[in-house]
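Report on the structure
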Amino acid sequence: MIPRSPTGFRRYRWTELALFILPIIMLLLEMTQLLLTKLDTTSTPDLRKFPIVEGLTPILGLIAVLLLTHVMFNIFFRKSDQFLLPLVGLLSGLGVLMATRLGPAISDPAQGNKQLIWVLIGLIVCLGTMFALRDIYYLARYKYTAALFGVILFCTTLANALRSKPDTPTHDQLSLGPFAFQPSELLKICIVIFFAAYLSENRDMLAEGGWQIGRLRLPPFRQLGPLALMVFIGLILFLVVRELGLALLIYGTFLSMIYLGTNKFMYVLVSLAIIVLLGFIGFKLLPSYARQRIEVVSVDVVNWTQASEDIYSKSGGGFQVVQGLIAVASGGLLGAGFGLGHPGYVPVVQSDMVLTAFAEEFGLIGLFALIGIYLLVLYRGFRIAIEASDVFSKLLAAGLTSIFAIQTLIISAGNLKLLPLTGIPLPFLSYGGSSVIGNFIIIGILMRISYNTALERDGIG
Amino acid sequence: MQLDAFFLVLRILFIVILYLFLMQVVRAITRDLRKAAASSDDIGAKGPLVLGHLIVVDSGPSNILPGTRFDLEPQTTIGRGPTNTIQITENFISSEHTRLWFRNGKWHVQDAGSVNGSYVNNQPAREAIPAKPGDIIGVGYIQFKLTV
């Protein structure tokens, strides 16, 4: 058993603190390199005149806030998970670095500082989420409120899509004064909360099945309603709003949660078949933006032909993806070095295509390490889900982790031309406030669930 | 020229530290898992198998605190007598009051000939009644919630 009454010294979150050391060194190292690349290489650099402290201030501020969060966790949530904060801290630190580096390339020099402020707000929101969710069932009780909120967010996206011109790349924006806000980042959390609550209540009913066609058992009609709604939302997103990424994200999460909740692979297959069938019909009926996006995947970059050229030069065609691939390829194994690449050629490099800029400057090795960090975050998420003591917490943790995983997967695959490229951000690395805050809410809920589990297991002690 | 060499060193240093960090996380996680596995082994060796819990939601006239948790073994008896797995010394609890057992993945509840009765969701359990996690189990005037 874990020692019942460890001394104050041993109660400290040492693992977390130890895991902070290397990320801090890394962030300082990269920031220094970024400053040095801005030096005039022709003259001999005079390091004494070099504004090292001013240049390092943003990243030092981030480190201070991360350590402050660590101290807050020590005081209030001592038993919560110790691995998530260092991993997420490194990811968001890399995000700030990428924004600082890419800012001048897209003529927005203040971008790094803006991203830093978003990360700070995100950390505060993360702590706030942990304080607010004293009772996690609070979320389960208000599941229809969450669903309603989700539907409102969904409707704003829909209204935007119907109002704006068909050529604009993304409809997933809501302007609130000076801020452009992406409703989808909150929409996905609402959907996970609703489904976790809904499935944990109706699990038995769904798992047993109401009526039967051949060997296939389907859930009773009353339970089928919300499930049908999901298919509907997925299709609307794909065909009307033309947000393929968001549709994939929400539907993918829905499928994984159905499977986690009922342990019936048949439901997943049937839902998948329905969406593929309806999606295919819609795709045939509407020759549009969505079809063009999917065509891009067929571009053969190595054996460049006339067909490739056609898609490449079409407006809204393959230009972005092909430029991204060229950037990745020019990075090679070791990368060009941070601040030494040329990521400015790729459109929207700061948010959707940030992975290509990362791959160009850190190389294949850096890319693998980045994927490793994401995998470790996912591992901790599912671990928290396994250890949680009740069905709702389990489903909530697993669902939030799934949505994080699917989002990372879709946008990375889109960047590398393995899936149609879609406009969803890479968690923590892409520039953008709503994405950072949304992901910090996810981390906050996961941390709170792990804290509740530890409390139930060991007592407050 | 010197600066270029310096950048190369910085780049390699960064990559090395990045992988060291990943290794550190993996090692810490492995250590954590070992500790968890060892502690769960301890529980298995020391006490009997615990398959579920009863949590007091309404203690009635007794002075048990709501929220108190009792462990459930595959065969559990509740009553006033000292031979019961869960002993509750209250006047309104019979010496052998309620039996709970776990079979085919389900909990079953049956009254053991008590005076004040046993209930599953307010339904008298004279015969064995299956109970699922979340159900309210009444033992005399005390209400428990069954959890896994």
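Residues numbered from 1 in each chain as written. Chains lettered and ligands numbered in written order. Predicted model: local features only at pLDDT ≥ 70, side-chain atom pairs only at ≥ 80, totals over all residues.

1. Comments concerning the overall build of chain B
Helix and strand content of chain B: 1 helix and 11 strands. Put simply, chain B runs from its N terminus to its C terminus through helices and strands in the order α-β-β-β-β-β-β-β-β-β-β-β. For 148 residues, the compact-globule estimate of 2.2 N^0.38 gives 15 Å, and the C-alpha radius of gyration of chain B, at 26 Å, exceeds that figure by more than 25%. With respect to the principal axes defined by its C-alpha atoms, chain B has extents near 95 × 30 × 30 Å. Counting the 148 residues in chain B, one finds 21% classified as buried. For chain B, contacts bridging at least 24 residues in sequence account for 32% of all contacts bridging at least 6. (Helix = DSSP H or I, 4+ residues; strand = E, 2+ residues; numbered from the N terminus. Rg over C-alpha atoms; globule rule 2.2 N^0.38 Å. Buried ≥ 20, exposed ≤ 12 C-beta atoms within 10 Å, placed from the backbone. Contact = placed C-beta atoms within 7 Å.)

2. Observations concerning the overall build of chain A
Scanning chain A from N- to C-terminus turns up 17 helices and 4 strands. In chain A, of all internal contacts separated by at least 6 residues, the share reaching a separation of at least 24 is 72%.

3. Notes on the interface of chain B and chain A
The partner chain A presents 27 residues to the 20 residues of chain B that form the contact. The leading source of residues in the side of chain B that touches chain A is helix H1 (residues 2–46) of chain B, at 19 residues. Grouping the amino acids of the side of chain B that touches chain A by side-chain chemistry returns 15 nonpolar, 3 polar and 2 charged. (Nonpolar A, V, L, I, M, F, W, Y, C, P; charged D, E, K, R; others polar.)

4. With respect to the nonpolar core
Membership of the largest hydrophobic core comes to 118 residues, with the highest contact counts inside it found for A:Ile193, A:Phe358, A:Leu396 and A:Leu446. Broken down by element, the residue count for this core peaks at 13 residues, all from helix H15 (residues 354–387) of chain A. Not counting the four nearest positions on each side in its chain, A:Leu446 is found in contact with A:Leu84, A:Gly381, A:Ile384, A:Ala397 and A:Leu400. Judged by nonpolar contacts, the second largest core, of 16 residues, contains B:Val56, B:Ile93, B:Ala125 and B:Ile137. (Core = buried A, V, L, I, M, F, W, Y, C linked by C-beta atoms within 7 Å.)

5. Quick notes on the packing of helix H14 (residues 319–331) of chain A against H15(A)
Packed helix pairs are specified by the crossing angle of their axes together with the interaxial distance, meaning the distance between the axes. All names here are of chain A. Running from N to C, H14 and H15 cross one another at 15°; their axes reach a closest spacing of 7 Å. Comparing the axis directions of H14 and H15 gives the class roughly parallel. Considering only the axes of H14 and H15, their crossing is left-handed. Listed contacts from H15 to Gly 324, Ala 327, Val 328, Ser 330 and Gly 331 of H14 are Thr 356, Ala 357, Ala 359, Glu 360, Glu 361 and Gly 363. (Axes fitted to C-alpha atoms, helices over the stretch in contact; angles between N-to-C directions. Parallel < 35°, antiparallel > 145°, perpendicular 65-115°, else oblique. Left-handed = near helix turned anticlockwise from the far one by under 90°.)

6. Section: the environment of A:Lys114
All names here are of chain A. Tracing the backbone through its elements, the reader meets Lys 114 in helix H5 (residues 111–132). Owing to 17 C-beta atoms within 10 Å, Lys 114 belongs among the partly exposed residues under this scheme. Placed 287 residues apart in sequence, Lys 114 and Thr 401 show a C-alpha to C-alpha distance of 27 Å.

7. Remarks on the sheet that holds strand S8 (residues 123–124) of chain B
All names here are of chain B. An order of S2-S1-S11-S10-S7-S8 is seen for the 6 strands of this open sheet, with the pairing classed as antiparallel. The open sheet is flanked by strand S2 (69–72) and S8, the only strands paired with a single partner. By the bridge criterion, 4 bridges tie strand S10 (residues 136–139) to strand S11 (residues 142–147) in an arrangement that is antiparallel. Within S11, the position partnered with Ile 136 by the bridge is Lys 145. (Pairing = 2+ DSSP bridges.)

8. Details of the packing of helix H4 (residues 84–105) of chain A against helix H17 (residues 433–458) of chain A
All names here are of chain A. Their axes nearest at 11 Å, the elements H4 and H17 cross at an angle of 170°. Regarding the angle of H4 to H17, the classification is roughly antiparallel. Judged by residue contacts, Leu 84, Val 88 and Ser 92 of H4 engage Val 436, Ile 443, Leu 446 and Met 447 from H17. Across the contact of H4 with H17, the residue classes break down as 6 nonpolar, 1 polar and no charged.

9. Structural notes on the sheet that holds strand S6 (residues 106–111) of chain B
For sheets, the rule is that strands pair by backbone hydrogen bonds, running either parallel or antiparallel. Residue and element names in this part refer to chain B. Strands sit in the order S4-S3-S5-S6-S9 across an open sheet of 5 strands; the sheet is mixed. Both outer strands of the open sheet, strand S4 (86–87) and strand S9 (129–131), are each paired with one neighbouring strand and no more. The pairing of strand S3 (residues 75–79) with S4 spans 2 bridges and is parallel. Across the sheet, the residue bridging to Ile 78 is Ile 86, located in S4.

10. A look at the confidence of the model for chain A
All names here are of chain A. For chain A, the average pLDDT comes to 81, and 83% of its residues sit at 70 or higher. The least confident element of chain A is strand S1 (residues 174–176), whose mean pLDDT is 56; the most confident is H15, at 93. Here residues 1–5 scores under 50 on pLDDT; set against residues more than four positions off or in separate chains, the count is 6 contacts. (pLDDT = per-residue confidence, 0-100.)

11. A few points about the pairing of strand S5 (residues 98–103) of chain B
All names here are of chain B. Two strands pair when backbone bridges link them, and S3 and S5 are joined in this way by 4 bridges, in the antiparallel orientation. Along S5, the bridge assignment pairs Thr 77 with Arg 99. Both S5 and S6 contribute to a ladder of 6 bridges, which runs antiparallel. The partner of Arg 99 across the bridge, within S6, is Gln 110.

12. A closer look at unusual backbone geometry
Positioned with a positive phi, A:Lys417 is a non-glycine residue whose angle comes to about 60°. Structurally, A:Lys417 is set in the loop between helix H16 (391–415) and H17. Of note in the backbone geometry, B:Asn122 takes a positive phi value of approximately 65° without being a glycine. Note that B:Asn122 resides in the loop between strand S7 (118–120) and S8.

13. With respect to the environment of A:Leu244
All names here are of chain A. Following the sequence through the fold, Leu 244 ends up in helix H10 (residues 244–262). Its 24 C-beta neighbours within 10 Å are what place Leu 244 among the buried residues. Residues Leu 244 and Thr 15, 229 residues apart in the sequence, show an inter-C-alpha distance of 40 Å.

14. Things to note about helix H11 (residues 265–285) of chain A
Residues three or four positions apart in an α-helix share a direction because the helix packs 3.6 residues into each turn. Residue and element names in this part refer to chain A. Here H11 spans 30 Å end to end across 21 residues, near enough to the 30 Å set by a 1.5 Å rise per residue. For H11, every residue scored as buried is listed here: Tyr 267, Ser 271 and Ile 275. On an axial view of H11, the arc spanned by its buried residues comes to 50°, and they lie on one face. Along H11, exposed side chains directed more than 90 degrees from the buried face belong to Phe 265, Ala 273, Val 276, Leu 277, Phe 280, Ile 281 and Lys 284. (Expected span 1.5 Å × (residues − 1). Arc of directions from axis to C-beta.)

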